[in-house]
Amino acid sequence: MTESNNPIKEGEFYCCSKPGCKIGNFKPIEADNVVFYMDMGGGITFCKDCYADFKSERGDTNLDERTFLGPGDLRYIEPKQKPEIVKSAQDKPEEKTIHDVLREKEEIVDAERAALRAKRDYEEYRDYMRDYMKEYNAEPDKIAKHKTRYQNLKLEHENSEVIDKTTPICPRCGNEKCGKAGFLVNAYGKYQRRKCMKCGFLYSDNWRD
């Protein structure tokens, strides 16, 4: 008799791999509430609720044939063989277009700018905290001055990531049905780009008349 290849062990704790797990990602789950789905990459661990959602999303009723339902499941499942890729002499690596090269350069520049902004923000806040701790037991007017400086720093950096909770309105035709169209990133922050579903006007959240 072939020994079961079920990796779920009685008394052990596991984490659910599905993003947005109801129990919480990286939180330990008892083995009795764990489901292990075996695929070509080795396997995926779910809690029972997330496995039911995963199965309904896939719409595949045959998932249970490759799934261990708890530690008491002693079946043996043959691992799927990865398909062999036959390389022919005519296969050549895809050449990068000029757009791909420019996009890669833009991503590198954006990453460098983000690192510089983070370093600057850290240094400003570090200097502020040093001054604040030096004057912690100072006179009330000096403490008020530091509080004002902290509020100014907070207002300056709180909009580094734009969160739009309002109903977007097209600045050209006034239409309230505007869909998302990616992001616009510049030296001042990250802004949501939108496209009007009526007139097709493309704009960002920092657009001004």
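This one's a predicted model, so the numbers in the text were calculated from it and none came from an experiment.

Asker: Which parts of the structure should I look at to understand the overall build of the protein?
Answerer: Looking only at helices and strands, the protein features three helices and eight strands. The N-to-C order of helical and strand elements in the protein reads β-β-β-β-α-β-α-α-β-β-β. Each of the 209 residues in the protein was classed as buried or not, and the buried ones make up 21%. For the protein, the share of sequence-separated contacts (at least 6 apart) that also reach a separation of at least 24 residues comes to 42%.

Asker: Even after reading the chapter, I still don't get the sheet that holds strand β7 (residues 189–196), so can you show me in this structure?
Answerer: For sheets, the rule is that strands pair by backbone hydrogen bonds, running either parallel or antiparallel. Spatially, three strands are ordered β6-β7-β8 in an open sheet, and the strand pairing comes out antiparallel. In this open sheet, the two strands that pair with only one neighbour each are β6 (178–186) and β8 (202–204). Recorded for the sheet is a direction-independent mean angle of 30° between the axes of neighbouring strands. Summarising the sheet, β7 and β8 pair through three bridges and their orientation is antiparallel. The residue of β8 that forms the bridge with Lys 195 is Leu 202.

Asker: Sorry, what's going on with the pairing of β7 here?
Answerer: Regular strands place their side chains on alternate faces of the sheet. Pairing geometry for β6 and β7, over seven bridges, is antiparallel. Opposite Lys 180, over in β7, you have Arg 194 as the bridge partner.

Asker: Just checking my understanding: could you explain the packing of aromatic side chains for this structure?
Answerer: Remark: the centre distance and the inter-plane angle together describe each pair of aromatic rings, the angle taken between the planes. Scanning the entire structure with this criterion turns up four aromatic pairs. For the pair Phe 46 and Tyr 51, a centre-to-centre distance of 6.1 Å together with 50° between the ring planes defines the contact as tilted. Of the two residues, Phe 46 and Tyr 51, both sit in the buried class. Taking the centre distance of 4.8 Å and the plane angle of 25° together, the rings of Phe 46 and Phe 54 count as stacked.

Asker: Explain the environment of Ser 204 to me, please; I cannot follow it from the model alone.
Answerer: With respect to the helices and strands, the residue Ser 204 is situated in strand β8. Residues Ser 204 and Leu 184 lie 20 residues apart in sequence; the distance between their C-alpha atoms is 7.1 Å. Residues in contact with Ser 204, not counting those within four places in the same chain, are Leu 184, Tyr 191, Gln 192 and Arg 193.

Asker: Can you walk me through the pattern of salt bridges in this structure?
Answerer: Should their charged atoms come close, side chains of opposite charge can pair. A full pass over the atoms with the stated rule returns five salt bridges. Between Lys 18 and Glu 57 there is a salt bridge, with the nearest N and O atoms lying 3.5 Å from each other. Here the residue Lys 18 occupies a position in the loop between β1 (13–14) and β2 (29–30), and Glu 57 occupies one in helix α1 (residues 48–58), the gap between them amounting to 39 residues. Taking the relative accessible area as the measure of exposure, Lys 18 reaches 18% and is therefore buried. Residues Asp 127 and Arg 126 are paired through a salt bridge, measuring 3.5 Å at the closest nitrogen-oxygen approach. Note on Asp 127: relative accessible area 32%, which makes it partly exposed.

Asker: I'm lost on the environment of Pro 71 in this one. Help?
Answerer: You can see Pro 71 is positioned in the loop between β5 (67–69) and α2 (98–134). Assessed through its relative accessible area of 16%, Pro 71 is described here as buried. When the C-alpha atoms of Pro 71 and Glu 10 are compared, they prove to be 5.6 Å apart, with 61 residues separating the residues in sequence. Contacts of Pro 71, omitting those with residues within four sequence positions, involve Asn 6, Ile 8, Lys 9, Glu 10, Ala 31 and Asp 32.

Cut-offs and rules
- Sequence positions are assigned chain by chain, starting from 1 and proceeding in written order.
- Under the rules for a predicted model, residues below a pLDDT of 70 receive no local features and side-chain atom pairs below 80 are neither given nor counted, while totals for whole chains, interfaces and linings still include all residues.
- Values shown for side chains rest on all heavy atoms present in the structure; no hydrogens or waters enter the calculation.
- Helix numbers and strand numbers start at the N terminus; a helix is a DSSP run of H or I with at least 4 residues, a strand a run of E with at least 2.
- Classification of residues uses two cut-offs on accessible area relative to the type maximum, computed with a 1.4 Å probe and protein chains only: under 20% is buried, over 50% is exposed, and between them is partly exposed.
- Throughout, a contact is declared for two residues whenever any of their heavy atoms are within 4.5 Å.
- Pairing between strands requires that DSSP locate at least two bridges from one strand to the other.
- To define axes, lines are fitted to C-alpha atoms, for helices over the stretch in contact only, and angles between the resulting N-to-C directions are given on a 0 to 180 degree scale.
- The pairing test for Phe, Tyr and Trp rings, Trp by its six-membered ring, is centres within 6.5 Å, and the orientation test on the planes gives stacked under 30 degrees, edge-to-face over 60, and tilted for anything in between.
- Definition used for salt bridges: Asp or Glu carboxyl oxygen within 4 Å of a side-chain nitrogen of Lys or Arg.

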